[in-house]
Amino acid sequence: MGSLFRSEEMALCQLFLQSEAAYACVSELGELGLVQFRDLNPDVNAFQRKFVNEVRRCDEMERKLRYLEKEINKDGIPMLDTGESPEAPQPREMIDLEATFEKLENELREVNQNAEALKRNFLELTELKHILRKTQVFFDEMSDNQNEDEQAQLLGEEAVRASQPGQNLKLGFVAGVILRERLPAFERMLWRACRGNVFLRQAMIETPLEDPTNGDQVHKSVFIIFFQGDQLKTRVKKICEGFRATLYPCPEAPADRREMAMGVMTRIEDLNTVLGQTQDHRHRVLVAAAKNLKNWFVKVRKIKAIYHTLNLFNLDVTQKCLIAECWVPLLDFEIIQLALRRGTERSGSSVPPILNRMQTFENPPTYNRTNKFTKAFQALIDAYGVASYREMNPAPYTIITFPFLFAVMFGDLGHGAIMALFGLWMIRKEKGLAAQKTDNEIWNIFFGGRYIIFLMGVFSMYTGLIYNDIFSKSLNIFGSHWQMSYNKSTVMENKYLQLSPKEDYEGSPYPFGMDPIWQVAGSNKIIFHNAYKMKISIIFGVTHMIFGVVMSWHNHTYFRNRISMIYEFIPQLAFLLLLFFYMVLLMFIKWIKFAATNEKPYSEACAPSILITFIDMVLFNTPKPAPEGCELYMFWGQHFVQVLFVVLAVGCIPIMLLAKPMLIMQARKLANVQPIAGASSDAEVGGVSNGGPNGGGGPHEEEEEMSEIFIHQSIHTIEYVLGSVSHTASYLRLWALSLAHAQLAEVLWTMVLSIGLKQEGWFGGVILTCVFAFWAILTVGILVLMEGLSAFLHTLRLHWVEFQSKFYKGQGYAFQPFSFDAIIENGSAATEAE
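All values reported here derive from a predicted model rather than from experimental measurement. (Residues numbered from 1 in each chain as written. Predicted model: local features only at pLDDT ≥ 70, side-chain atom pairs only at ≥ 80, totals over all residues. Heavy atoms only, no water.)

### What to know about the overall build of the protein chain
Keep this limit in mind: Segments assigned H or I by DSSP are reported as helices when at least four residues long, segments assigned E as strands when at least two residues long, and all are numbered from the N terminus. For every residue, the accessible area (1.4 Å probe, protein chains only) is compared with the maximum for its type, and the residue is labelled buried under 20%, exposed over 50%, or partly exposed between those bounds. The Shrake-Rupley method, run with a 1.4 Å probe, gives the accessible areas here. Residue values count only the displayed protein chains as cover.
Within the protein chain one finds 26 helices and 11 strands. Looking at the 834 residues of the protein chain, the share that counts as buried comes to 44%. As displayed, the protein chain offers around 44,600 Å² of accessible surface, 58% of which is attributable to carbon and sulfur atoms.

Set out below in structure tokens:
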């Protein structure tokens, strides 16, 4: 079997690298992506490994690059992405990269600090400008005639009467700016703390101001507070400080305020000029960095991944050689050796690397080669469980069976065409869509399964043609082979009119698929469709399960498990064939032997029920007498054959249950030795280990007790026998979902679109347009998306449970090679040390 049907043969190798050549050799292996290294220092702390300082330097460079990326994204500058992956820099180039990043970070931080200081200064001047403008209005209102009541309230009536005539009493005041949302609470606090002995005036600043710290737009208000005495002044300032209000000096004289306002405007103009120059310089720095940022990220991540991998190596006693252990595919052994030689030549080392194969009893990782087409199907299998080493891989067969079983449930030419066109669009645009990396998980799932979607759509179009179903209607391509004598009034007046095969059928079938007349049949339309789809569901299900059992034969022969082949595979296959495949044969016999005719014993009235026949067969019941002129059995010797099949099928159960454990127990007694690892259920006692003839063997560990072996074998036998019944019934979901999909499509056509089609005139055209849009939305949203998802999940269950349970254990672990492409694609550096 090739690697398409089984995982690649793997070998555990030991790699010896000279210290000065190790970096270049690991870099070449990272570009190749075919080697999985093992950690030879599992007990060593991550901070105590040899290259921990280099990893920390890479972390620091990544931090600086993320800071640059954040600033670039903040300004909306596009980053240049050529799609190329630069080679990993040499170790000596790290110093240059560090110096470049340090210079850029320091320059950018200095520019940002200067810009923030300038913006803060600009904000203060802007607030002072608004204060000078707004307070001028306040002071104009504070005339003697208008504010006697306020003065009396603030200074007291006695102080006002005691003042000399013609002399205004002087009030102290503070002016500042506060956030608008804090103003009501600020005003209440002033009133309560000062007991109403202050006078507050405020005005909103119409234009929002920019916060220099985070760049947000904030709304503020100007306020001025009048009071008397130093005690109130201190109290007012503390309240302003508590509410984070900014206080500014404001002259009392109008001339001084005008002079200050002119100076403020001049300084604001100068600051605008300096801010513009600062922003231009910052933009130039970021544009220059954006051109190389992607490549810098790739380089730093590659360096970090190399040093992280080198931390998995061991040093020999001379401290001049690094020793590593790795899993490699046997087919790529020579390619890996060539990569190691290239790395040695790049480093200038004269000592060639040494790659030796090792003998091991560990189970190797599972490596299935995939391309962009098979990757999605392999992902479906791995989601259930990664295949054990060299186990049969269901993915190649799933490429056909998965979309086909989906299409049986989703069969509609129109809905399948929508799905196929969507998948084809993603396939045609895959390069551009793949380049637009997004975090939308739903879209990533759709795009990753674009080939599955396309095949499901194509297969659904085929089954739609077989069902002759397109948006719940039919295509009369070859002309119906039913000739009815009903006139229009008869059809319109009889709601439950049925097709009669005896009178209306010509005798020759429709050339391809169902006859279109069944779409307009009366009450026997659903009866006919149910009978047809229910039977093909059982036929496909039994065939699918038999194929799964046959796949287990390939596993047993490959691993040379003679006991499992004889005492598991043969009884399992016989049990399935003698009962359920025989039921399938009865369906074909019934289809061939009986017809819609009055000639007995071949008339439809003489046709027995397959379900009743199968139940009588299993329970050894005597069938009911046949109608007059009909035969009791469908073929000669049927009763004897059925009894024989049931007896043989029941006889297979104790063989599956007891034969293998008893043979294992007998072999242990004869050998008179301790149990051999791997002999419990899937490896032959004294035979070849679990790894098979070409792979690593199972680990030497304590064997299961005989009691556990009997328990496990009992569980497996009961699961298979009961599962054969339940799994056969489970395939009836093909019929159920197909019927539900067809009925939903008919409901949408009848209840929605037909309303628009019945309208006439220009107004009917308008109504039809609106109704069609609504019908199209419901069709795509419900029948394509929701029904498609439902059929997808049911198909997934049929493969995981009903099909793969017959042969697939999925107890392996995935091959995870050291690959720069995988590291860069995931947007992270090498895996952190444990």
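Anyway, onward from the coordinates.
### With respect to the pairing of strand 10 (residues 321–329)
Where we set the bar: Only strands joined by at least two bridges in the DSSP assignment are considered to pair.
Most of strand 10 sits inside the fold, with nine of its nine residues counted as buried. Burial along strand 10 is two-sided: the residues Cys 321, Ile 323, Glu 325, Trp 327 and Pro 329 and Leu 322, Ala 324, Cys 326 and Val 328 are all buried. Sheet topology note: the strand 1 (residues 10–18)/strand 10 ladder contains nine bridges and is antiparallel. By the bridge assignment, Gln 18 is partnered in strand 10 with Cys 321. Relative to strand 10, strand 2 (residues 36–37) is paired through two bridges, and the arrangement is antiparallel. The residue bridging Phe 37 from the neighbouring strand is Cys 326, located in strand 10.

### Remarks on the sheet that holds strand 8 (residues 246–248)
Consider a sheet: its strands pair through backbone hydrogen bonds, and that pairing is either parallel or antiparallel. Heads up, the rule is: To get an axis, a line is fitted to the C-alpha atoms, and for a helix only the part in contact is used. The angle between two axes follows their N-to-C directions and goes from 0 to 180 degrees. In what follows, a contact means two residues having at least one pair of non-hydrogen atoms within 4.5 Å.
Across the sheet, four strands lie side by side as 4-7-3-8; this open sheet has antiparallel pairing. Unpaired on one side and paired on the other, strand 4 (199–204) and strand 8 mark the two borders of the sheet. Each adjacent strand pair in this sheet contributes to an overall mean axis angle of 25°, direction not counted. Here six bridges tie strand 4 to strand 7 (residues 220–227), and the two strands are oriented antiparallel to one another. Considered in strand 7, the bridge of Leu 200 is made with Ile 225. Those strands touched by helix 7 (residues 230–242) are strand 3 (172–179), strand 7 and strand 8, and its axis lies near 165° from that of strand 7.

### Things to note about the nonpolar core
Using the following cut-off: What makes a nonpolar core is a set of buried Ala, Val, Leu, Ile, Met, Phe, Trp, Tyr and Cys residues whose side-chain atoms join them at distances within 4.5 Å.
Leu 579 and Phe 580 are the most contacted members of the largest nonpolar core, which totals 70 residues. Take this core: its biggest share by element is 12 residues, from helix 20 (residues 562–593). With residues up to four places along the chain from it excluded, the contact list for Phe 580 reads Val 542, Phe 575, Phe 614, Ser 724, Val 725 and Thr 728.

### A word on the state of the cysteines
Definition in use: For this text, the term disulfide refers to a pair of cysteine sulfurs within 2.5 Å.
With the rule as written, the count across this model stands at one disulfide. The disulfide that involves Cys 606 links it to Cys 630, with 1.8 Å between the sulfurs. Judged by the sign of its S-S torsion, about -60°, the cystine formed by Cys 606 and Cys 630 is left-handed. Residue Cys 606 is found in the loop between helix 20 and helix 21 (610–619), and its partner Cys 630 is found in the loop between helix 21 and helix 22 (638–671); the two are separated by 24 residues along the sequence. Relative accessible area serves as the criterion here: at 5%, Cys 606 is assigned to the buried category. For Cys 630, a relative accessible area of 14% puts it in the buried group.

### Quick look at a nonpolar patch on the surface
Put simply, the rule is: Each patch is built from residues lacking any salt bridge and having more than 30% relative accessible area; the joining distance is 9 Å for like charges and 5 Å for nonpolar side chains (Val, Leu, Ile, Met, Phe, Trp, Tyr). Counted as salt bridges are all cases of a side-chain nitrogen of Lys or Arg within 4 Å of a carboxyl oxygen of Asp or Glu.
There is a patch of nonpolar side chains on the surface, built from Phe 422, Trp 425, Ile 442, Phe 446, Leu 744, Val 780, Ile 782, Leu 785 and Met 786 and spanning about 790 Å² of accessible area. By the secondary structure assignment, Phe 422 is in helix 13 (residues 413–428).

### Points about the pattern of salt bridges
Tallied over the entire structure, the rule returns 29 salt bridges. Of the charged contacts, one joins Arg 282 and Glu 71 as a salt bridge, the two residues approaching to 2.2 Å between their closest N and O atoms. Pair noted here: Arg 282 is in helix 8 (residues 254–290) and Glu 71 is in helix 2 (residues 52–75), with a separation of 211 residues, a long-range link. A network of salt bridges, in which partner residues are shared, links Asp 59, Glu 62, Arg 301 and Lys 304.

### A look at the side chain of Arg 450
Following the sequence through the fold, Arg 450 ends up in helix 16 (residues 450–467). Its relative accessible area of 10% is what places Arg 450 among the buried residues. When residues no more than four places from it in sequence are discounted, the contact partners of Arg 450 are Lys 372, Gly 423, Met 426, Ile 427 and Glu 430.

### Describing the packing of aromatic side chains
Formally: Two aromatic rings from Phe, Tyr or Trp, using only the six-membered ring of Trp, form a pair when their centres are within 6.5 Å; if the ring planes differ by under 30 degrees the pair is stacked, by over 60 it is edge-to-face, and anything between is tilted.
Within this structure, the stated rule accounts for 37 aromatic pairs. Taking the centre distance of 5.9 Å and the plane angle of 40° together, the rings of Tyr 384 and Trp 800 count as tilted. Remark: Trp 800 occurs in helix 25 (residues 761–803) and Tyr 384 occurs in helix 11 (residues 374–384); sequence separation between them is 416 residues. Judged by its relative accessible area of 35%, Tyr 384 falls in the partly exposed class. Judged by centre distance (5.1 Å) and plane angle (80°), the rings of Phe 404 and Phe 540 are edge-to-face. With Phe 404 in helix 12 (residues 395–410) and Phe 540 in helix 19 (residues 524–558), this pair connects stretches of sequence that are 136 residues apart. The exposure class assigned to Phe 404 is partly exposed, which follows from its relative accessible area of 24%. Here the aromatic residues Phe 5, Tyr 384, Tyr 397, Phe 547, Trp 800, Phe 803, Phe 807 and Tyr 808 are joined through ring pairs into a cluster of three or more.

### So, the packing of helix 12 against helix 16
In plain terms, the rule: In these notes the angle categories are as follows: under 35 degrees is roughly parallel, over 145 is roughly antiparallel, 65 to 115 is roughly perpendicular, and the rest is oblique. Should the near helix be turned anticlockwise from the far one by less than a right angle, the crossing is termed left-handed; should it be turned clockwise, right-handed.
Interaxial distance between helix 12 and helix 16 falls to 8 Å at its minimum, and their mutual angle equals 50°. Considering their axes alone, helix 12 and helix 16 lie oblique with respect to each other. For helix 12 against helix 16, the interelement crossing comes out right-handed. Packed against helix 12, whose contacting residues are Ile 399, Ile 400, Phe 402, Pro 403, Phe 404, Phe 406, Ala 407, Val 408 and Phe 410, the element helix 16 presents Ile 452, Leu 455, Met 456, Phe 459, Ser 460, Thr 463 and Tyr 467 at the interface.

### So, the packing of helix 22 against helix 23 (residues 706–730)
For clarity, the threshold we go by: Here the term charged refers only to Asp, Glu, Lys and Arg, the term nonpolar to Ala, Val, Leu, Ile, Met, Phe, Trp, Tyr, Cys and Pro, and the term polar to all other amino acids, Gly among them.
At a closest axis distance of 9 Å, the pairing of helix 22 and helix 23 adopts a crossing angle of 160°. Accordingly, the angle class assigned to the pair helix 22 and helix 23 is roughly antiparallel. Crossing of helix 22 against helix 23: the hand is right-handed. Across the interface between the two elements, Ile 653, Met 656, Leu 657, Leu 658, Lys 660, Pro 661, Met 662, Ile 664, Met 665 and Arg 668 from helix 22 touch Met 706, Ile 709, Phe 710, Gln 713, Ser 714, Thr 717, Tyr 720 and Val 721 from helix 23. The class makeup of the residues in the contact of helix 22 with helix 23 is 13 nonpolar, three polar and two charged.

### Quick notes on the confidence of the model for the protein chain
The condition is simple: Every residue is assigned a pLDDT by the predictor, reflecting its confidence on a scale from 0 to 100.
Summary statistics for the protein chain give a mean pLDDT of 85 and a share of 87% for residues scoring 70 or more. This model gives residues 697–701 a pLDDT under 50, and the stretch forms 17 contacts once residues within four places in sequence are excluded. In the predicted structure, residues 828–834 sits below a pLDDT of 50 and forms 14 contacts with residues beyond four places in sequence or in another chain.

### Focus: the side chain of Thr 398
In this fold, Thr 398 is placed in helix 12. Apart from residues lying up to four places away in sequence, Thr 398 is in contact with Phe 377, Ile 381, Pro 403 and His 799.

### Let's talk about unusual backbone geometry
For Asn 468, which is not glycine, the phi torsion reads 55° and is therefore positive. By the element assignment, Asn 468 lies in the loop between helix 16 and helix 17 (488–493). Overall, Asn 468 belongs to the buried group, its relative accessible area being 6%. In this structure, Arg 560 takes a positive phi of about 60° despite not being glycine. The topology assignment puts Arg 560 in the loop between helix 19 and helix 20.

### Considering helix 13
Condition: To estimate the expected span of a helix, subtract one from its residue number and multiply by 1.5 Å. Polar contacts, as counted here, are pairs of nitrogen or oxygen atoms within 3.5 Å of one another; within protein the pair requires one atom able to donate a hydrogen and one able to accept it, and residues that are adjacent in sequence qualify only if both atoms are side-chain atoms.
Its 16 residues give helix 13 an end-to-end C-alpha distance of 22 Å, which sits within 8% of 22 Å, the value for a rise of 1.5 Å per residue. Considered for burial, the residues of helix 13 that qualify are Leu 413, Gly 414, His 415, Gly 416, Met 419, Ala 420, Gly 423, Met 426 and Ile 427. Buried residues in helix 13 make contact with helix 12, helix 14 (430–435), helix 15 (441–448), helix 16, helix 24 (733–757) and helix 25. The residue sitting at the N-terminus of helix 13 and contributing the capping side-chain oxygen is Asp 412; that oxygen lies 2.9 Å from the backbone nitrogen of Gly 414.

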